[in-house]
Amino acid sequence: MQEIYKIDKSYEWNYEHGPTFEGEISARPEIQKKTKLWDFELNSPIGIPAGPLLNSRWIELYGKLGFDIPVYKTVRTVEWKSHPEPNCVYVDMQSQLTEKDVGGEAKVLLHAPKKPEDITITNSFGVPSQAPTVWMPDIGKANNALSDGQVMIVSIMGTPDVGRELPDDYGRCAKMAVEAGAKIIEANYSCPNVCTGEGMLFRDAETSSQISKKIREAIGPSVPFLIKMGLLPPDKLEEVVRTNLPYVDGFAGINTVAMNVRKPDGSPALPPGKERLRTGLCGHAIHSAGSHFTQNLFHIKKKLGADFVICGVGGMMTAEDLHGRLQNGADIVMSATVAMWDPFLAQKFHELINPSSYTRMQ
Ligand SMILES: Cc1cc2nc3c(=O)[nH]c(=O)nc-3n(C[C@H](O)[C@H](O)[C@H](O)COP(=O)(O)O)c2cc1C
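Thresholds, definitions, all that
Residues numbered from 1 in each chain as written. Predicted model: local features only at pLDDT ≥ 70, side-chain atom pairs only at ≥ 80, totals over all residues. Heavy atoms only, no water. 1 Å grid on protein atoms, 1.4 Å probe; cavity = no way out; pocket = protein on both sides within 12 Å on 5 of 7 lines; lining within 4 Å. Points joined across faces, edges and corners; volume = space filled by probe spheres on them. Helix = DSSP H or I, 4+ residues; strand = E, 2+ residues; numbered from the N terminus. Pairing = 2+ DSSP bridges. Axes fitted to C-alpha atoms, helices over the stretch in contact; angles between N-to-C directions. Contact = heavy atoms within 4.5 Å. Buried < 20%, exposed > 50% of the residue type's maximum accessible area, 1.4 Å probe, protein only. Phe/Tyr/Trp six-rings, centres within 6.5 Å; stacked < 30°, edge-to-face > 60°. Lys NZ or Arg CZ within 6 Å of the ring centre and 35° of its normal. Expected span 1.5 Å × (residues − 1). Near = heavy atom within 4 Å. Polar contact = N/O pair within 3.5 Å; in protein donor to acceptor, adjacent residues only side chain to side chain. Areas by Shrake-Rupley, 256 points an atom, 1.4 Å probe, with all protein chains shown as cover. Nonpolar A, V, L, I, M, F, W, Y, C, P; charged D, E, K, R; others polar. Core = buried A, V, L, I, M, F, W, Y, C linked by side-chain atoms within 4.5 Å.

Colleague: I'm lost on empty space enclosed by the protein in this one. Help?
Modeller: Take a probe with the size of a water molecule and roll it over the atoms, and the empty space left behind shows itself. Scanning the model with the defined rule gives two cavities of 30 Å³ or more in all. Each pocket or cavity is described by its volume, and for the largest cavity that value is around 470 Å³. Lining the largest cavity are 39 residues, with Ala50, Gly51, Asn123, Asn255 and Thr256 positioned closest to its centre. Among the secondary structure elements, those contributing two or more residues to the lining of the largest cavity are β4 (69-75), β7 (120-123), β9 (184-188) and β13 (278-283). Size it by volume and the second largest cavity reaches roughly 60 Å³. Lining the second largest cavity we find Tyr11, Tyr15, Leu54, Tyr72, Lys73, Thr74, Val75, Pro128, Ser129, Gln130 and Trp135. Taken together, the elements giving at least two residues each to the lining of the second largest cavity come down to α1 (11-17) and β4.

Here it is as structure tokens:
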């Protein structure tokens, strides 16, 4: 267990000084069968979702570690400051969270769990972004840092009150990312840590589809485009899938599960206070929720006879978890929390399974 992202340090510190990795990166096993993702031929269906990979140095390291589909942390059209540190704390959550737990109570865990696979954290950054003059050239560097058989996704988000309507800002951000070299776009519609509504778009079938339409118009027909969602009941999920389907090529989920996280004395776990009481849980405690989300999405895909990519995210802590989510119907799978402490997860997956042996649900 090594802490590659230093959770007691600020976002800025990790951006400037990270990643801190020690160890040797061993050669990959021979790849028997490539994973097809749209027009890309990839070494494996494993990635890191938007979050821990702050810039091209982070993308480079995790690419070398065998995560073949790294996602560049969400960027905006304007520079945006992070919430103050700490942005992540361990959470004491033994049970698996469901839709009913959203908005419920949780307590911090004062000591790190012994094994990476047992980690649940809450994270709250407020989706910080460097200025476009910084992130746009860095997207090119990050692309260049990857090897054959790898592709980076760029996560984007609109920002309210920046002199244009929110849908237009989403479109503009996506277009800027493509101009910077993004080969696949993911729009973040789900973040419990922003207080201005754009983090809850995934619940709103109508508004989210209007934004997806704007993004599609902005990036043109040929750039693959996913939307990132949070936990939703199956009927609501189907509604959101139906309205967005004309414009998107895939759905990614889940994002974190929002809860009120407190210290043992009852005060909010993260500074400065009650306005940041509600934060997003991820890691071990959202394994079942993420798994159900993929299963539901897969059933919707079958029911609609639709052809879209399912990007499974949420609570996959081991190589076996990643494999299980692929069997549940995901086309590609990504782990954030555990990869901040277990840099060898992708290698373990590659050792566990030869991609030609995946058995899919029919
Ligand atoms: C440190 C950290 C930062 C994150 N930042 C973002 C972000 O900027 N955009 C986004 O869409 N999701 C973000 N997420 C959410 C992850 O992409 C993912 O949906 C969530 O952590 C669940 O996966 P996990 O259980 O493997 O961690 C972040 C997660 C973590 C741990």
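From this point on, the discussion continues.
Colleague: Is there a simple way to think about the sheet that holds strand β14 (residues 309-313) in this case?
Modeller: Strands in a sheet are paired, the pairing made by backbone hydrogen bonds, and the direction either parallel or antiparallel. Strand order in the closed barrel formed by eight strands is β3-β4-β8-β9-β10-β11-β14-β15, and the pairing between neighbours is parallel. Each neighbouring strand pair of the sheet contributes to a mean axis angle of 25°, computed without reference to strand direction. Strands β4 and β8 (153-156) of the sheet are contacted by helix α3 (residues 132-145), whose axis makes an angle of about 175° with β4. Contacts between helix α5 (residues 205-219) and the sheet are confined to β8, β9 and β10 (225-229), with β10 contributing the most and set at about 150° to the helix.

Colleague: So what exactly am I meant to see when it comes to helix α2 (residues 56-64) here?
Modeller: Three or four residues apart is the spacing at which side chains of an α-helix point the same way, because the helix has 3.6 residues per turn. Those residues of α2 lying buried are Ser56, Trp58, Ile59, Leu61, Tyr62 and Gly63. For α2, the secondary structure elements touched by its buried residues are α1, β3 (46-48), β4 and α3. Downstream of α2 by one or two residues, glycine 66 has phi in the positive range, about 100°.

Colleague: Help me out: how do you make sense of the pairing of strand β12 (residues 257-262) in this one?
Modeller: Looking along a regular strand, one sees the side chains alternate between the two faces of the sheet. The element β12 is largely enclosed, with a buried count of five among its six residues. With three bridges joining them, strand β6 (residues 105-108) and β12 adopt parallel strand pairing. What sits directly across from glutamate 105, in β12, is asparagine 260. Bridge count for β12 against β13 is four bridges, and the pairing is antiparallel. If you follow valine 257 over to β13, its bridge partner there is leucine 281.

Colleague: Looking at this model, I keep getting lost on the sheet that holds strand β5 (residues 88-92). Mind explaining?
Modeller: Judged by pairing direction, the barrel is mixed, and its five strands sit side by side in the order β5-β6-β12-β13-β7 before closing back on the first. Going across the sheet, the axis of each strand differs from the next one's by a mean of 55°, ignoring polarity.

Colleague: Would you take a moment to explain the packing of aromatic side chains for this structure?
Modeller: The way to describe two aromatic rings as a pair is by their centre distance and the angle between their planes. Within this structure, the stated rule accounts for eight aromatic pairs. Between tyrosine 11 and tyrosine 15, the ring centres sit 6.0 Å apart and the planes meet at 50°, which makes this aromatic pair tilted. Within this pair, tyrosine 11 and its partner tyrosine 15 are both found in helix α1, separated by four residues, close to a single helical turn. For the residue pair tyrosine 11 and tyrosine 15, the accessibility class agrees, reading buried in each case. An angle of 80° between the planes, with centres 4.9 Å apart, marks the rings of phenylalanine 251 and phenylalanine 308 as edge-to-face. With a gap of 57 residues between them, phenylalanine 251 in strand β11 (residues 250-253) and phenylalanine 308 in the loop between α7 (287-304) and β14 connect regions that are remote in the sequence. Summarising the burial analysis for this pair, phenylalanine 251 and phenylalanine 308 share the class buried. Stacked on the ring of phenylalanine 308, the Lys or Arg lysine 301 has its end atom at 5.6 Å from the ring centre.

Colleague: Looking at this structure, I do not really get α3. What am I missing?
Modeller: Between the first and last C-alpha of α3 there are 20 Å, a value that for 14 residues agrees with the 20 Å anticipated at 1.5 Å per step. Tucked inside the fold, the buried residues of α3 contact α1, α2, β4, β8 and α4 (166-180).

Colleague: Would you mind showing me how to read the site of the ligand here?
Modeller: Close to the ligand lie 22 residues; Ala50, Thr74, Lys228, Gly315 and Thr337 are nearest. Isoleucine 254 is positioned with one of its backbone polar atoms (N or O) 2.9 Å from an oxygen atom of the ligand. Computed on the free molecule, the ligand has an accessible area of 600 Å², of which 98% lies beneath the protein chains in the complex. Going through the elements one at a time, β4 and β13 are the ones with two or more residues in the shell around the ligand. Taken together, the residues of the shell around the ligand break down into nine nonpolar, 11 polar and two charged.

Colleague: Even after reading the chapter, I still don't get the environment of leucine 109, so can you show me in this structure?
Modeller: In this fold, leucine 109 is placed in the loop between β6 and β7. The spatial distance from the C-alpha of leucine 109 to the C-alpha of leucine 226 is 34 Å, given a sequence separation of 117 residues. If sequence neighbours within four positions are ignored, leucine 109 has contacts with Tyr90, Val91 and Asp92.

Colleague: Just checking my understanding: could you explain the nonpolar core for this structure?
Modeller: Inside soluble globular proteins, nonpolar side chains tend to come together where they are buried. If you look at the biggest cluster of nonpolar residues, it comprises 100 residues, and the most contacted ones within it are Tyr62, Ile156, Tyr170, Tyr189 and Ile215. The biggest single contributor to this core is α4, with seven residues. Grouped together as the second largest cluster of nonpolar side chains are 15 residues, Ile69, Val151, Cys311 and Met334 included.

Colleague: So what exactly am I meant to see when it comes to the environment of lysine 141 here?
Modeller: With respect to the helices and strands, the residue lysine 141 is situated in helix α3. By relative accessible area, which is 57% here, lysine 141 ends up exposed. Along the chain, lysine 141 and serine 56 lie 85 residues apart, while their C-alpha atoms are 6.0 Å from each other.

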